[in-house]
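Spelled out from the first residue to the last, the chains are:
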Amino acid sequence: MIVSVTLNPCVDRVVFVPGLRVGDTNRVERVETDAGGKGVNLSRVVAELGGRTIATGFLGGGTGAQIRHVLHSQGVHNSFVEAAGATRVNTSIESGDGPPTTLNEAGPTISEEEWHRLLAHCENLFHRADWVALGGSLPPGVPPDAFRTLGELARREGCRVLLDADGEAMRLGVQMRPDLIKPNLREAERLLGTALPDRSAAVSAARDLRSMAENVIVSMGKDGAALATADGAWLGRSPQVESRSTIGSGDSMLGALLWALGEGSDWPEALRWGLAAGAATATTDGSEIARKPVVMLLYNEASVERVS
Ligand SMILES: Nc1ncnc2c1ncn2[C@@H]1O[C@H](COP(=O)(O)OP(=O)(O)OP(=O)(O)O)[C@@H](O)[C@H]1O
Ligand SMILES: [Mg+2]
């Protein structure tokens, strides 16, 4: 089973305002809302592919209830810790020309008591898990080394650990040496402190990052992904698709990859499923994620080649 932990989930709210005028009164054409957050998306993909998963983390207030409702309607098992502060809302405004304007909230402040309640709750859930997926941003109040603490807890329960985060939370988190990290090119540059200009640089970056994690994927959007494990290195090609919104592509790649490992795939084969799911999510609108039939179809068009 795959347990995902999202400490700072969000309600994704997309507001469509054709021809937005800043500083004026605007007419909203329509609003779409969805559940968001890295672990939440990852669990949705695992569930979509028929795998076993539980999403956990903090939820609070009416917005938290909304997320629970969405996950329930999508058949995604979840077991969140109730926090006093309301779950945040991330708003993006689609004006019809150019990329959307996004407004991301920091999230509610988590108390020390709530944090300890989450750790106890996770200890229980991790007991039944093969993989624990940690990632996303940390809400205010949670210690900066939260991912290291959760990762060590998961390992004590015999789980393998995926960490997908950025900045200080990631730098401190990798101190427990996760079993898998998946930085994109920009995140890999920040972890290594060097520029990565092309696809071949991604392969050596994945190899270098094995100093921080047992298995490393450096993802490159439509240009695919590099994989490094103790057994070698591979370069994967993404299926060519017409991209609509890549929100959740990284999370979809990871959900499909962990699902495939659970089904008995080896790492390059699991990466191929990941490439298919990442591309499948790129073909969907807004925060929507990959559907199984599309993933199956694109799996045939993804490829992974050994490079060393
Ligand atoms: N436009 C695209 N066409 C085909 N595949 C894509 C596209 N965008 C993303 N993917 C697939 O999804 C994977 C992950 O995407 P990307 O490298 O953008 O991750 P990310 O930056 O972590 O994304 P996220 O915003 O979800 O965190 C890629 O390796 C690729 O397989
Ligand atoms: Mg990402």
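What you are looking at is a predicted structure, and each value in this text was computed from that prediction instead of being measured.

Things to note about the sheet that holds strand β5 (residues 81–82)
- Within the open sheet, the ten strands sit side by side as β5-β4-β1-β8-β9-β10-β11-β12-β13-β14. Their pairing is mixed. Only two strands of the sheet have a single partner each, and these edge strands are β5 and β14 (303–306).
- Strand contacts of helix α7 (residues 199–208): β11 (215–219), β12 (225–229) and β13 (232–237), with the helix running at about 25° to β12, the strand carrying the most contacts.

Overview of the domain arrangement of the protein
- One can read the domain layout of the protein as domain 1 (1–18 + 28–176) and domain 2 (179–308).
- It is helix α1 (residues 38–48) that provides the largest number of residues to the side of domain 1 that touches domain 2, a total of seven residues.
- Of the residues contributing to the side of domain 1 that touches domain 2, the split by class is 13 nonpolar, three polar and ten charged.

With respect to the site of ligand 1
- Taken together, 20 residues lie near ligand 1, and N184, S219, G250, G278 and A279 sit nearest.
- Contributions of two or more residues to the shell around ligand 1 are made by α8 (249–262) and α9 (267–282).
- Tallied by class, residues from the shell around ligand 1 come to seven nonpolar, eleven polar and two charged.

As for the packing of helix α3 (residues 112–126) against helix α4 (residues 146–156)
- For the pair α3 and α4, the least separation of the axes is 9 Å and the interaxial angle reads 35°. When the axes of α3 and α4 are compared, the crossing they make is right-handed. On α4, the residues touching L119, C122, E123 and F126 of α3 are L150, L153 and A154.
- Its residues assigned to classes, the contact of α3 with α4 comprises six nonpolar, no polar and one charged.

Here's the deal with the sheet that holds strand β2 (residues 10–16)
- Strand order in the open sheet made by the four strands is β3-β2-β6-β7, with mixed pairing throughout. This sheet does not close on itself; its edge strands, each paired only once, are β3 (30–36) and β7 (101–103). When the angles between neighbouring strand axes are averaged without regard to direction, this sheet yields 20°.
- As paired strands, β2 and strand β6 (residues 88–94) are joined by seven bridges and run parallel to one another. In the sheet register, R13 faces β6, and the bridge partner there is T91.

Quick notes on unusual backbone geometry
- Of note in this structure, R177 is not a glycine but carries a positive phi near 50°.
- Its place among the elements puts R177 in the loop between α5 (167–173) and β10 (180–181).
- The class for R177 is partly exposed, based on 17 C-beta atoms found within 10 Å.

Here we look at helix α2 (residues 61–73)
- Between its terminal C-alpha atoms α2 stretches 19 Å, which fits the 18 Å expected from 13 residues at 1.5 Å a residue.
- Buried residues of α2: T63, G64, I67 and L71, and no others. Along α2, the residues classed as buried sweep out an arc of 105° about the axis, all on the same side. Facing away from the buried surface of α2 by more than 90 degrees, the exposed residues are G62, H69, H72 and S73.
- Buried residues along α2 sit against β2, β3, β4 (53–59) and β6.
- Of the residues flanking the end of α2, it is G75, one or two places downstream, whose phi is positive at about 70°.

About the thresholds
- Residues numbered from 1 in each chain as written.
- Chains lettered and ligands numbered in written order.
- Predicted model: local features only at pLDDT ≥ 70, side-chain atom pairs only at ≥ 80, totals over all residues.
- Pairing = 2+ DSSP bridges.
- Helix = DSSP H or I, 4+ residues; strand = E, 2+ residues; numbered from the N terminus.
- Contact = placed C-beta atoms within 7 Å.
- Axes fitted to C-alpha atoms, helices over the stretch in contact; angles between N-to-C directions.
- Domains from an automatic or database assignment.
- Nonpolar A, V, L, I, M, F, W, Y, C, P; charged D, E, K, R; others polar.
- Near = placed C-beta within 6 Å.
- Left-handed = near helix turned anticlockwise from the far one by under 90°.
- Buried ≥ 20, exposed ≤ 12 C-beta atoms within 10 Å, placed from the backbone.
- Expected span 1.5 Å × (residues − 1).
- Arc of directions from axis to C-beta.

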